[in-house]
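Observations on the three-dimensional arrangement
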Amino acid sequence: MLSKQVCALSRRAYCSAVNLASDIKNARPFSEIPTMSFFKVAKGNLPGGRYYKKSMREMQQLFYEEYGNIMRIPAMLGRPQFIITFNPDDFETVSICVK
């Protein structure tokens, strides 16, 4: 019983590695990820801006509508830039490719 589980896990890990290698091989450049400018972030959070007094959930919905499944938030105020993806299937690929 245990050997069957290990075998199943090994096959799944192998298939996952093959898919990941294929994803990385077909990946588009980092520079092509849609991003917003620092100015747009700042302006959007001021009174009257698109993101002013919005909950995090509402902001993420607006980001999704404007930028699609994946986007980049620029570096600002001493924080590094980061990537947001709204597709759970992309989490592992984006995490590995960005490191």
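An account of the accompanying structure is given in this report. (Residues numbered from 1 in each chain as written. Predicted model: local features only at pLDDT ≥ 70, side-chain atom pairs only at ≥ 80, totals over all residues. Heavy atoms only, no water.)

Counted by the stated rule, this structure contains two salt bridges. Of the charged contacts, one joins Glu66 and Lys40 as a salt bridge, the two residues approaching to 2.2 Å between their closest N and O atoms. Of this pair, Glu66 sits in helix H3 (residues 56-67) while Lys40 sits in helix H2 (residues 38-45); the two residues are 26 residues apart in sequence, bridging distant segments of the chain. Note on Lys40: relative accessible area 33%, which makes it partly exposed. Residue Glu66 is classed as partly exposed on the basis of its relative accessible area, which comes to 29%. In the salt-bridge network here, residues are joined through shared partners; they are Lys40, Arg50 and Glu66. (Salt bridge = Lys/Arg side-chain N within 4 Å of Asp/Glu carboxyl O. Helix = DSSP H or I, 4+ residues; strand = E, 2+ residues; numbered from the N terminus. Buried < 20%, exposed > 50% of the residue type's maximum accessible area, 1.4 Å probe, protein only.)

Let us now look at the environment of Arg50. Looking at where Arg50 falls in the secondary structure, it is placed in the loop between H2 and H3. The partly exposed category is assigned to Arg50, whose relative accessible area is 39%. Between the C-alpha atom of Arg50 and that of Lys40, which follows or precedes it by ten residues, the distance is 9.6 Å. Not counting residues within four places of it along the chain, the set of residues in contact with Arg50 comprises Gly44, Leu62, Glu65 and Glu66. (Contact = heavy atoms within 4.5 Å.)

Taking 1.5 Å of rise per residue, the twelve residues of H3 would be expected to cover 16 Å, and the 16 Å separating its terminal C-alpha atoms lies within 8% of that figure. Buried residues of H3: Met59, Leu62, Phe63 and Tyr67, and no others. All buried residues of H3 lie within an arc of 105° about the axis, which places them on one face of the element. What points out from H3, more than 90 degrees from its buried face, is the exposed set Arg57 and Glu65. Packed against the buried residues of H3 are H2, strand E1 (70-73) and strand E2 (82-85). Just beyond H3, the residue with positive phi is Gly68, at close to 90°. (Expected span 1.5 Å × (residues − 1). Arc of directions from axis to C-beta.)

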